[in-house]
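# Descriptive structure summary
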Amino acid sequence: MRSESLERLRSIVGGRSTRHAISTLEFAMFLEQRLLRDTDAASMASSLEVRVPLVDHMVYDTVSRLAPDVRFSTEK
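Because the structure is a prediction, the values reported are computed rather than measured. (Residues numbered from 1 in each chain as written. Predicted model: local features only at pLDDT ≥ 70, side-chain atom pairs only at ≥ 80, totals over all residues. Heavy atoms only, no water.)

## Section: the overall build of the chain
Along the backbone of the chain there are four helices and zero strands. Computed over its C-alpha atoms, the radius of gyration of the chain comes to 15 Å, more than 25% above the 11 Å expected for a compact globule of 76 residues. Dimensions of the chain, computed from the C-alpha atoms along their principal axes, are close to 45 × 40 × 20 Å. The buried share among the 76 residues of the chain stands at 16%. Accessible surface, the chain as shown: approximately 6300 Å² in total, 56% of it carbon and sulfur. (Helix = DSSP H or I, 4+ residues; strand = E, 2+ residues; numbered from the N terminus. Rg over C-alpha atoms; globule rule 2.2 N^0.38 Å. Buried < 20%, exposed > 50% of the residue type's maximum accessible area, 1.4 Å probe, protein only. Areas by Shrake-Rupley, 256 points an atom, 1.4 Å probe, with all protein chains shown as cover.)

## Here we look at a nonpolar patch on the surface
A cluster of nonpolar residues, L54, V59, V63, L66 and V70, forms a patch on the protein surface that exposes about 430 Å² of accessible area. Looking at the secondary structure, you find L54 in the loop between α2 (18–45) and α3 (57–64). By relative accessible area, which is 69% here, L54 ends up exposed. (Patch = residues over 30% accessible without salt bridge, like charges linked within 9 Å, V, L, I, M, F, W, Y side chains within 5 Å. Salt bridge = Lys/Arg side-chain N within 4 Å of Asp/Glu carboxyl O.)

## Let's talk about unusual backbone geometry
In this structure, S47 takes a positive phi of about 55° despite not being glycine. Under the relative-accessibility criterion, S47 is labelled exposed at 67%.

## A short note on the confidence of the model for the chain
When pLDDT is averaged along the chain, the result is 79, and 97% of the positions lie at 70 or above. The spread of mean pLDDT over the elements of the chain runs between helix α1 (residues 3–13), the lowest at 77, and α3, the highest at 82. (pLDDT = per-residue confidence, 0-100.)

## Digging into the pattern of salt bridges
Enumeration according to the criterion identifies two salt bridges in this entry. The residue E7 makes a salt bridge to R10 at a minimum N-O spacing of 2.8 Å. You can see E7 and its partner R10 sitting in helix α1, three residues apart, about one turn around the helix. Put simply, R37 and D38 hold a salt bridge, and the shortest N to O gap is 3.0 Å. Among the residues examined, R37 registers a relative accessible area of 48% and is labelled partly exposed.

Structure (structure tokens):
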């Protein structure tokens, strides 16, 4: 991995808890760059109507500001 990429990753996760860092990286790298793109391409190639997860920047911004103990709570 190039040093610019490593520095970008460090700036994204710097000072976050492990869970928060993984969640942030998953959103930034997997969901945005792979999952949504590939789901769209595969569904169009198969003539399927696919519903992808709600990914609104306002929802993400609000949830990402929650404290990790609230954000990752398993209590119902």
